[in-house]
Amino acid sequence: MNLRVTARLLVDLLLAACAACALTSAAADLLAPEQAFKFSAMLIEPGVVEVRYRIADGYYLYRDKFRFTAIPRSAGLGEARFPPGEIKDDEFFGRVETYRGELVIRLPVKSARGFTLKAISQGCADVGVCYVPLTQTARLVPGRSSGESVRSEGNASRLLLRSQEAAPSR
Amino acid sequence: MKRAGQIALLVVAAVSALGTGIWLHPWNRAGAPDSVNVTRLMAASLPDMEGKPRALAQWRGKVMVVNFWATWCRPCLEEIPEFVRMQEKFGKEGLQFVGIAVDNAAKVREFAIKYRMNYPVLIGEMDGVELARVAGNELGGLPFTVILDRKGQLIGTELGGLNEQKLTAIIQPAM
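Draft legend 1. Summary view of the overall build of chain A. The number of helices and strands found in chain A is three helices and twelve strands. Put simply, chain A has 170 residues, and 44% of those count as buried. Of the contacts made within chain A by residues no fewer than 6 positions apart, 63% connect residues no fewer than 24 positions apart. In the form shown here, chain A has an accessible surface area of approximately 8,800 Å², with 52% of it arising from carbon and sulfur atoms.

Have a look at this one:
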């Protein structure tokens, strides 16, 4: 075997090794869902909640998977107002709308008292991994300037069953 | 002599690079024994699409591909037709796919019929996520696949989509 052939073999082997490394980065570098989909919520004016998701690069959220509830329910959440997302025709799901980057959703609320907002979202990473529905909560108190997310439930699966059942059928 | 030395150096470098690549591969890393509790996974029992409880241990003795998936997970749906094909092709040789759906039964049934799934699908719902965590899937991402040899020893795990080529490379030594 001459040197040229050996060098060629080396290049091939390095390429194979790099391919294996590339595969690693796909799944091994995945963010935890709370990091991929950073959530916060605040009362921006009486009767209006602003929910904000900072979606990391390479990740996206599905519009039709959001569920918002107030605890107690008597706080009276109205219908969420979403900005237009990215619309795609999906071979499995049909027409889907997704969000990337910064997402701001507004929710009308009747209550003048404090309440806890429970937000369920579901998203995926472009590398081909989807997260189970994620539940994040924020305590919102009128009169306080910021109702930053007080708790983000890392274990999103706890509410999976209910959120899946509540999801409208396609 | 000098030339032989160069060749030797190149070969050593190449082998180390390849070795590093293989070592870094997800199935090796995720497959570290401390992150996967095969015993707990194999002890699990979940209802099938008809609601009958099915113990995972019943497929011991086969090369098992346990795939956690959901109908709302697009990358999960992409790999299922390949699994159906591989079950058809290698089932007689002892390859057994088992799907664990992190989903509800009605949606799973509808999908399974449409895509002619030819292997057992168990309805995991919330328990499916917990079981996937036990099996080493800490982030709760889907699809997630655990591959066991005939003795029930772990031979690979994969977070994210698999295709026939990739999966064949993992199962071949065990077949």
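Once you've had a look at it, read on.
Draft legend 2. Looking closely at the pairing of strand β3 (residues 59–62) of chain A. Residues and elements named next belong to chain A. Every second residue of β3 is oriented toward a common face, with Y59 and L61 on one face and Y60 and Y62 on the other, all of them buried. With two bridges joining them, β3 and strand β6 (residues 94–99) adopt antiparallel strand pairing. Each residue of the ladder has a partner; that of Y62, found in β6, is T98.

Draft legend 3. The arrangement of the pattern of salt bridges in detail. Residue and element names in this part refer to chain B. For the structure on display, the rule yields 14 salt bridges over all chains. Where R54 meets D48, a salt bridge forms, and the shortest distance between an N and an O atom there is 3.1 Å. Residue R85 pairs with E82 through a salt bridge whose shortest N-O separation is 3.9 Å. Residue R85 and its partner E82 are both found in helix α4 (residues 74–90); the two are separated by three residues, about one turn of the helix. On the basis of relative accessible area, R85 is assigned to the partly exposed category, the value being 46%.

Draft legend 4. Geometry of the pairing of β6(A). Residues and elements named next belong to chain A. Direction of pairing for strand β5 (residues 86–90) relative to β6: antiparallel, over a ladder of five bridges. Within β6, the residue paired with D90 across the bridge is G94. Counted along the chain from β5 to the antiparallel partner β6, the turn is three residues long.

Draft legend 5. Structural context of the sheet that holds β5(A). The strand order β5(A)-β6(A)-β3(A)-β9(A)-β10(A)-β6(B) describes an open sheet built from six strands, whose pairing is antiparallel. Of all strands in the sheet, those bounded by a partner on one side alone are β5 of chain A together with β6 (141–142) of chain B. Its contacts with the sheet place α4(B) against β3, β5 and β10 (129–131) of chain A together with β6 of chain B, and it is angled at close to 135° to β10(A).

Draft legend 6. View of the sheet that holds strand β7 (residues 144–148) of chain B. All names here are of chain B. Strand order in the open sheet formed by five strands is β5-β4-β3-β7-β8, with mixed pairing between adjacent strands. At either end of the open sheet lies a strand with only one pairing partner, and these are β5 (121–123) and β8 (154–159). Neighbour-to-neighbour, the strand axes of this sheet turn through a mean angle of 15°, independent of strand direction. Note that strand β3 (residues 63–69) and β7 share five bridges and pair antiparallel. Each residue of the ladder has a partner; that of V66, found in β7, is V146. Along the sheet, helix α5 (residues 105–114) contacts β3, β4 (95–101) and β5; its crossing angle with β5, the most-contacted strand, is approximately 165°.

Draft legend 7. Fine view of the environment of Q122(A). Its location among the elements puts Q122(A) in the loop between β8 (115–121) and β9 (123–125). Beyond its immediate chain neighbours, meaning those up to four positions away, Q122(A) contacts L61(A), Y62(A), K65(A), C130(A), Y131(A), V132(A), P133(A) and W72(B). Within the local environment of Q122(A), its side chain forms a polar contact with the backbone oxygen of Y131(A), the two atoms lying 3.0 Å apart.

Draft legend 8. Structural view of the state of the cysteines. Residues and elements named next belong to chain A. A complete count under the given rule lists two disulfides over all chains for this structure. Residue C124 pairs covalently with C130 via a disulfide, S to S 2.1 Å. Across the disulfide from C124 to C130, rotation about the S-S bond amounts to roughly 95°, and the bridge is consequently right-handed. Each member of the pair, C124 as well as C130, carries the same accessibility label: buried.

Draft legend 9. Local environment of the confidence of the model for chain A. Residues and elements named next belong to chain A. When pLDDT is averaged across chain A, the result is 79; 68% of the residues are at 70 or more. Of all the helices and strands in chain A, helix α3 (residues 160–166) carries the lowest mean pLDDT, 34, while β3 carries the highest, 98. The model gives residues 18–25 a pLDDT under 50, and that stretch makes 13 contacts with residues more than four places away or in other chains. Counting interchain partners and residues more than four positions distant, the pLDDT-below-50 stretch residues 146–170 has 73 contacts.

Conventions used here
Per chain, residue numbering runs from 1 following the sequence as it is written. Here chains are named by letter from A upward and ligands by number from 1 upward, in the order in which they appear as written. At least 70 in pLDDT is required for a residue's local features to be given in this predicted model, at least 80 for side-chain atom pairs to be given and counted, and no such filter applies to totals for whole chains, interfaces and linings, which use all residues. Side-chain metrics rest on all non-hydrogen atoms present in the structure, leaving aside hydrogens and water. Secondary structure elements follow DSSP: runs of H or I no shorter than four residues count as helices, runs of E no shorter than two count as strands, and numbering proceeds from the N terminus. In this scheme, a residue with accessible area under 20% of its type's maximum is buried, one over 50% is exposed, and one in between is partly exposed, where area comes from a 1.4 Å probe on protein chains only. Any two residues whose heavy atoms approach within 4.5 Å at even a single point are treated as in contact. Only the protein chains shown count as cover for residues, and the accessible areas themselves come from Shrake-Rupley with a 1.4 Å probe. Each pair of strands is called paired provided DSSP finds at least two bridges between the two strands. Whenever a carboxyl oxygen of Asp or Glu lies within 4 Å of a side-chain nitrogen of Lys or Arg, that contact is scored as a salt bridge. Axes here mean lines fitted to C-alpha atoms, for a helix over just the part in contact, with angles spanning 0 to 180 degrees between N-to-C directions. Polar contacts, as used here, are pairs of N or O atoms within 3.5 Å; protein pairs need one atom able to donate a hydrogen and one able to accept it. Residues neighboring in sequence count only if both atoms are side-chain atoms. In this description, a disulfide is simply a cysteine sulfur pair whose atoms lie within 2.5 Å. Each residue gets a pLDDT score, which is the predictor's confidence in that residue and runs from 0 to 100.

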